Amino acid sequence: MTVPGKNLFPPLSSVRKVEPPPYVRRVLPNGLTILVQEDKSNPLVAFQATIRTGSATEGSYLGAGISHVVEHMLFKGTARRPVGAVEREARSYGGTSQGFTTYDTTSYQFVVNKESWFQAADLLIDAVFFSSFDPQEFIKERGVILRELKLGKDDPDHIQWELLFENAYRVHPYRVPIIGYEPVVSALTREDIVSYHKQWYVPNNIVIAVVGDVDAESVVRRIEELTAALPAGRPSAQALPAEPLQFSPREVTQEADVAVAMTAIGFPSVALADADLFALDLLARLLGGYRGSWLDHALKETGIVHAVTCWNYTPRDRGLFVISARMDAGSEGKAVEKAFEQVARVQKEFFDPLEIESAKKGLLRNYLEDRQTVAGQAGDLAGNEILLGDPLFGYRYLEGIQRVTAEDLKRVAAVYLKSERATIVKILPRGTLQSVGKPAAEPAVEPSIEKVVFANGVKVLLRKDSRIPLATVQVSLFGGVRHESEKNNGVSALVSRMFLRGTRERDAQGITREINQMGAVIAPFSGRNSIGLTLEVISSALPHALSVMADLFLNPDFPEQELEKEKRLLLAGLKTKEEDPFSWGMRRLMATLFTVHPYRLDPMGYEESVSKLKRENLSGFYKRLLDPRAMVISAVGDFRREDLLSVLEGTFGKLPAPSSEGISVPQEPPLTSIRERVEAAPRREGLIMIGFRGIQVSDPDAATLDLIDAILAGGAGRLFDEVREKRGLAYTVGSFGVHGVDPGAFILYAVTEPAQIQEAKKVLLEEVERLKTVPVPEEELQQAKQGLLGGRRIARQTQGAVAAQIGLDELYGLGYDYSQRYESDVKGVTAQMIQDFSKRVLDSRRCVVIIGQPEEGTAFSGVPDGLAEIVDVGPDGKR
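Throughout what follows, the structure given in this document is the object of discussion.

What counts as what
Residues numbered from 1 in each chain as written. Predicted model: local features only at pLDDT ≥ 70, side-chain atom pairs only at ≥ 80, totals over all residues. Heavy atoms only, no water. Helix = DSSP H or I, 4+ residues; strand = E, 2+ residues; numbered from the N terminus. Buried < 20%, exposed > 50% of the residue type's maximum accessible area, 1.4 Å probe, protein only. Contact = heavy atoms within 4.5 Å. Areas by Shrake-Rupley, 256 points an atom, 1.4 Å probe, with all protein chains shown as cover. Salt bridge = Lys/Arg side-chain N within 4 Å of Asp/Glu carboxyl O. Pairing = 2+ DSSP bridges. Axes fitted to C-alpha atoms, helices over the stretch in contact; angles between N-to-C directions. Phe/Tyr/Trp six-rings, centres within 6.5 Å; stacked < 30°, edge-to-face > 60°. Lys NZ or Arg CZ within 6 Å of the ring centre and 35° of its normal. Core = buried A, V, L, I, M, F, W, Y, C linked by side-chain atoms within 4.5 Å. Parallel < 35°, antiparallel > 145°, perpendicular 65-115°, else oblique. Nonpolar A, V, L, I, M, F, W, Y, C, P; charged D, E, K, R; others polar. Expected span 1.5 Å × (residues − 1). Arc of directions from axis to C-beta.

### What to know about the overall build of the chain
Looking only at helices and strands, one finds 32 helices and 22 strands in the chain. Seen through its principal axes, the chain has C-alpha atoms that stretch 115 × 60 × 50 Å. Within the chain, buried positions represent 56% of all 879 residues. Summarising the internal contacts of the chain: among those between residues at least 6 apart in sequence, 82% fall at separations of at least 24. Carbon and sulfur atoms make up 52% of the accessible area of the chain, which totals about 36,800 Å².

### Structural notes on the pattern of salt bridges
For the structure on display, the rule yields 50 salt bridges. The partner of Arg 677 in a salt bridge is Glu 679, with the nearest N and O atoms 2.6 Å apart. Judged by its relative accessible area of 25%, Glu 679 falls in the partly exposed class. Salt bridges here are not isolated pairs; linked through shared partners, they connect Asp 721, Glu 722, Lys 726, Arg 727, Glu 759, Lys 762 and Glu 766.

### Notes on the sheet that holds strand 16 (residues 530-538)
Pairing is mixed across the open sheet formed by six strands, whose spatial order is 12-13-17-14-16-15. The open sheet has two edge strands with one neighbour each: strand 12 (450-453) and strand 15 (521-526). Pairwise comparison of adjacent strand axes, ignoring direction, gives a mean angle of 15° for this sheet. Pairing of strand 12 with strand 13 (residues 459-464) involves four bridges; the strand directions are antiparallel. Counterpart to Lys 451 in the pairing with strand 13 is Leu 461. Taken strand by strand, helix 24 (residues 641-651) contacts strand 12, strand 13, strand 14 (470-478) and strand 17 (631-637), and its axis lies near 160° from that of strand 13.

### Here's the deal with unusual backbone geometry
The phi dihedral of Phe 133 falls on the positive side, at around 50°, and the residue is not glycine. Turning to its location among the elements, Phe 133 is positioned in the loop between helix 3 (117-130) and helix 4 (135-152). When its relative accessible area of 3% is taken as the criterion, Phe 133 is described as buried. One non-glycine residue, Phe 558, lies in positive phi territory at about 50°. Turning to its location among the elements, Phe 558 is positioned in the loop between helix 19 (542-554) and helix 20 (560-579). On the basis of relative accessibility, which here comes to 3%, the residue Phe 558 falls in the buried class.

### What about the pairing of strand 16?
Of all nine residues in strand 16, seven are buried; the element is thus mostly enclosed. Relative to strand 16, strand 14 is paired through nine bridges, and the arrangement is antiparallel. Paired with Leu 477 across the bridge in strand 16 is Ile 531.

### What about the packing of aromatic side chains?
The full count for this structure, using the stated rule, is 30 aromatic pairs. Seen in terms of ring centroids, Trp 117 and Phe 118 are 5.7 Å apart; in terms of plane orientation they differ by 75°. Their pairing is edge-to-face. Relative to Tyr 622, the ring of Phe 499 has its centre 5.5 Å away and its plane inclined at 70°; by these criteria the two rings are edge-to-face. Placement of Phe 499 in the loop between helix 17 (491-498) and helix 18 (508-518) and of Tyr 622 in helix 23 (residues 615-625) is noted, with a sequence separation of 123 residues between them. Each member of the pair Phe 499 and Tyr 622 is classed as buried. The ring of Phe 350 carries the charged tip of Lys 410 above its face, separated from the ring centre by 4.4 Å. When the ring centre of Phe 594 is taken as origin, the NZ or CZ atom of Arg 693, which lies over that ring, is 5.2 Å away.

### Re the side chain of Glu 823
Within the fold, Glu 823 resides in helix 30 (residues 818-828). Overall, the relative accessible area of 17% leaves Glu 823 in the buried class. Among residues more than four places away in sequence, those in contact with Glu 823 are Leu 789 and Arg 793.

### Observations regarding the environment of Leu 381
Among the structural elements, Leu 381 can be located in helix 13 (residues 374-388). Judged by relative accessible area, which is 2%, Leu 381 ranks as buried. With residues up to four places along the chain from it excluded, the contact list for Leu 381 reads Leu 35, Gln 37, Ala 209, Val 211, Pro 391 and Leu 392.

### Here's the deal with the nonpolar core
Counting residues in each nonpolar core, the largest one holds 75 residues, and the members touching the most others are Ile 688, Met 689, Ile 690, Phe 692, Leu 748 and Leu 764. Membership of the second largest hydrophobic core comes to 67 residues, among which are Leu 299, Val 336, Ala 359 and Ile 386.

### Observations regarding the packing of helix 20 against helix 21 (residues 581-593)
Where helix 20 contacts helix 21, the two axes come as close as 5 Å, and the packing angle between them is 95°. With respect to their mutual orientation, helix 20 and helix 21 come out roughly perpendicular. Of the residues in helix 21, those touching helix 20 at Leu 574, Lys 577, Glu 578 and Glu 579 are Pro 581, Ser 583, Trp 584, Arg 587 and Arg 588. Tallied by class, the residues present in the contact of helix 20 with helix 21 amount to three nonpolar, one polar and five charged.

### Description of helix 19
The terminal C-alpha atoms of helix 19 lie 18 Å apart, and with 13 residues this matches the ideal 18 Å at 1.5 Å per residue to within 8%. Here helix 19 lies mainly inside the structure; ten of its 13 residues are buried. Turning to helix 19, its buried residues number three or more, namely Leu 542, Ala 545, Leu 546, Val 548, Met 549, Ala 550, Asp 551, Leu 552, Phe 553 and Leu 554.

### A look at the sheet that holds strand 8 (residues 261-268)
Sheet architecture is open: five strands sit in the order 7-11-8-10-9, paired in mixed fashion. Pairing within the sheet leaves two strands with one partner each, and these edge strands are strand 7 (250-256) and strand 9 (307-313). Adjacent strand axes in the sheet meet at a mean angle of 15° when their direction is disregarded. Of the strand pairs in this sheet, strand 8 and strand 11 (residues 423-429) are connected by five bridges, and their pairing is antiparallel. Within the sheet, the bridge partner assigned to Ile 265 lies in strand 11 and is Ile 424. Across the sheet, helix 5 (residues 156-168) is in contact with strand 7, strand 8, strand 9, strand 10 (320-327) and strand 11; its angle to strand 11 comes to roughly 145°.

### Quick notes on the packing of helix 1 (residues 66-73) against helix 7 (residues 190-200)
Direction vectors running N to C along helix 1 and helix 7 enclose 90°, while the axes themselves pass 10 Å from each other. Our classification of the angle between helix 1 and helix 7 gives roughly perpendicular. Touching Ile 66, Ser 67, Val 69, Val 70 and Met 73 of helix 1 are Asp 192, Ile 193, Tyr 196 and His 197, all from helix 7. Considering only residue class, the contact of helix 1 with helix 7 consists of six nonpolar, two polar and one charged.

### Points about helix 18
Taken together, the buried positions of helix 18 are Ala 508, Gly 510, Ile 511, Glu 514, Ile 515 and Met 518. Projected down its long axis, helix 18 shows its buried positions confined to an angular sector of 165°, all on one face. Of the exposed residues in helix 18, those oriented more than 90 degrees away from the buried face are Gln 509, Asn 516 and Gln 517. Those residues of helix 18 that are buried lie in contact with strand 15, strand 16, helix 19 and helix 20. Once helix 18 finishes, Gly 519 follows within two positions and takes phi at roughly 70°, a positive value.

### Details of the pairing of strand 1 (residues 24-27)
Pairing geometry for strand 1 and strand 2 (residues 33-38), over four bridges, is antiparallel. Across the sheet, residue Arg 26 finds its bridge partner in strand 2, namely Ile 34.

### Some points on the environment of Glu 399
For Glu 399, the position within the fold is in helix 14 (residues 393-403). Given the relative accessible area of 31%, Glu 399 is considered partly exposed. Residues Glu 399 and Leu 364 lie 35 residues apart in sequence; the distance between their C-alpha atoms is 9.8 Å.

Given below as structure tokens:
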């Protein structure tokens, strides 16, 4: 928050209120609206005719710029005035003439000496209603417009405006340039513009405003006389398609003939008639409407940009709140980043009251400056009547600006300046993209990850990705089977399930209701090495969802009644697990491969241990786990950095270190022989699993083992080819690794006919021996590398997968950026490294063999859906 300064100037309240001048409004029988305001300060009179049509209402002519073409032609001659006479006559009255087209209106204006107002009225009416659209002049003027269109392609501001609007709008006609597109303009005929003029240039679709040194009633009578014979036209439908809500940011980069780079950020704003117009206009002024504004100070004064400005564009329908800047090529990314930082700042902080008062004075000054002239006043009257039905809206506007409060500014910033709804356009000097081979702001690398460490040791990883308005946050903590014993096996699984069953402040039903109301998912997990919670939520609800998540994770109450429900569900799951052949085999393999280390236990526990667990067991166990120094929070997606960190530091950052000692993990002695276990299996087919002691996730050879798995497993792997396709020994065959903080396991498996179990076992071990004796061919090695890396990339497409990956990598000491290093490790593996590793680790003299002989009357139903759970997969099988 800025520190209030001392007001050295008269307050805004001391400025004399601007009173609206009297005016005459008359609607003629044919629907023509006349507005007259007397102003005797100068001997001048301004006439403005504004038509209720612009480029957005062109209907079937959309893209032809036909409103603009008609505007060009309107002063080119009438039935009574030949080509060139209209402009010559206007000059003879000591005045000027001009026309202008917007998205919503088309206007024509004369400013003349007061002595000539009577004649000027006739000139305006004749030009607006009775233009002849001379065929030769049409051909000539269309050529002028086509040249104007081409010139626009060389105007940096014009390029930026069109690029911004065509990307910010996808449905609404505001997406189309007012001047149109060259091929469509070229195809226009004189008949087209005559038809369009006949449709729109009718009395009931036009407002004529007159301001100056005149008698109001005399002006009304004069215009009524000139237009009395004109019939009212048929009302033209103007219902335009509503622009759909934007849910994710849009970004486009384009080269042009510009000397410096340009960028614009557009946020969907409001329509002119919206009550939030006043606060947004004032916010634009405060944010970047003058020297010393927040954007000016943060971007220009720091040298990031050469110029920066901000405005709120509000046509008839929803407009755009725009931040625009110019900078050296290569700085556009930094400029956008800093601009968003200031946007985030205005959403959190209050402006200094003196800043607000100064900005209000600035808007008041701008308004009064623009309306010092009779032309400015006439334009104000006609435009406000056409768009709002209130000619004096400008004065209501000033009153609305004065009513805006600091709270209003903060509110509209939060409501409208959402990063997920931003459209970002970047225009770079020609040749910039080619010089680097790709857009400077879009390098082909993963989004950067920021690491923040709180004072209590909690590590926070931030990976911002605003492509969609969704955020995923995972809290990971050391835990799981690795911290259990036979006595309390399954306690981690129960603790994780109980996260959603109640805290000191929330009961189970309230938690479920609150999560559903946010449209969020909060999912607990527990595996071999870790325990935690994952939150996925629409980004707008993230701050509240984070506070709920923190309460669930930091303050679980383990209520007795809810604990009994979860134990019942967990015990039922254990029974189902025993019926699954892979789960059945996996439990026995791990219990045989490890004799001391907790990896021998099942992540879900066993019936004997789970049934005895009580509330105090869960509470005491979790209290020992809950160490901030062993906690990582990973956030991926669309979030505001400062808001997210504020919530996390106020909750997880306050967690004290536990007073009790941590849990010690016994070391597993080396495996010195083959251990074989044969049991009756729950299915008709036979099952064989061969397990080797694996490696730690931190082992330098982790990539080598993963490549071995890629060579052996899958539909294109050696095991499938040799065991199933060539020899027909298995229905299902493969391999997988169980990596851990401590050395895990590498497992081969096959589901086969009971009579073929021993033969399948023999072939599986032969394939392991082949890895040791025959170098993997280079082509096969490269295919395995591509398959492994491609599979990882495919798996990492979701926010949840990335949050889990970087969170667990950091937790396990690999570093949050391990994934990038891992790819290099994989690419560096050689055939020799595979041979050496296989000889060292995959020793068939030191392994575990589990054989499941079928029980009579049972049938195996194929590969179970629970294989991922058996493998204990996080993003890399690490949980």
